[in-house]
Amino acid sequence: MIDNAEDLAKKAQDNKAGLKRQFVNIPIGDEEYGFRISGIGGKSVKLEKFVKYDDIIEAIEAGNDNGLEAMIKQIIEDYEEDEEDEE
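Asker: Would you mind showing me how to read the pairing of strand β1 (residues 23-28) here?
Answerer: Side-chain positions along a regular strand alternate between the two faces of the sheet. When β1 meets strand β2 (residues 31-40), the two strands line up antiparallel, connected through six bridges. Note on β2: the bridge partner recorded for V24 is F35. Connecting β1 to the antiparallel partner β2 that follows it, the hairpin turn spans two residues, and G29 within it adopts a positive phi of roughly 65°.

Asker: Would you take a moment to explain the environment of K20 for this structure?
Answerer: In this fold, K20 is placed in the loop between α2 (16-19) and β1. You can call K20 partly exposed: its relative accessible area is 35%. With 26 residues separating them in the primary sequence, K20 and K46 have C-alpha atoms 9.4 Å apart. Setting aside residues no more than four positions away along its own chain, K20 makes contact with R36, I37, S38, G39 and I40.

Asker: How should I be thinking about the sheet that holds β1 in this particular structure?
Answerer: The strands that make up a sheet pair up through hydrogen bonds in the backbone, lying either parallel or antiparallel. Taken together, the three strands give an open sheet; going across it, the order is β1-β2-β3, and neighbouring strands pair in antiparallel fashion. The strands lining the two open edges of the sheet, one partner per strand, are β1 and β3 (45-48). Sheet twist, expressed as the mean angle between neighbouring strand axes with direction ignored, is 40°.

Criteria and thresholds
Residues numbered from 1 in each chain as written. Predicted model: local features only at pLDDT ≥ 70, side-chain atom pairs only at ≥ 80, totals over all residues. Heavy atoms only, no water. Pairing = 2+ DSSP bridges. Helix = DSSP H or I, 4+ residues; strand = E, 2+ residues; numbered from the N terminus. Buried < 20%, exposed > 50% of the residue type's maximum accessible area, 1.4 Å probe, protein only. Contact = heavy atoms within 4.5 Å. Axes fitted to C-alpha atoms, helices over the stretch in contact; angles between N-to-C directions.

So this is what it looks like as structure tokens:
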């Protein structure tokens, strides 16, 4: 069993090609979502998931108010550009 970050990073780097074909299922709200491992770096693992706008609206219309789709919708709705972002 790996118990330190350096050995974990080395094993990830050694198995980069195979790990990038793996998925991670993460429960969010009442649903479970599959994220693809899209990157293996020296310090971190990158997870990725595409969520279509149609899927966001359909999930919310179906009553999924605490899932990933609702979270993304809320982030988009609440976003206001900072003055620093405009420069």
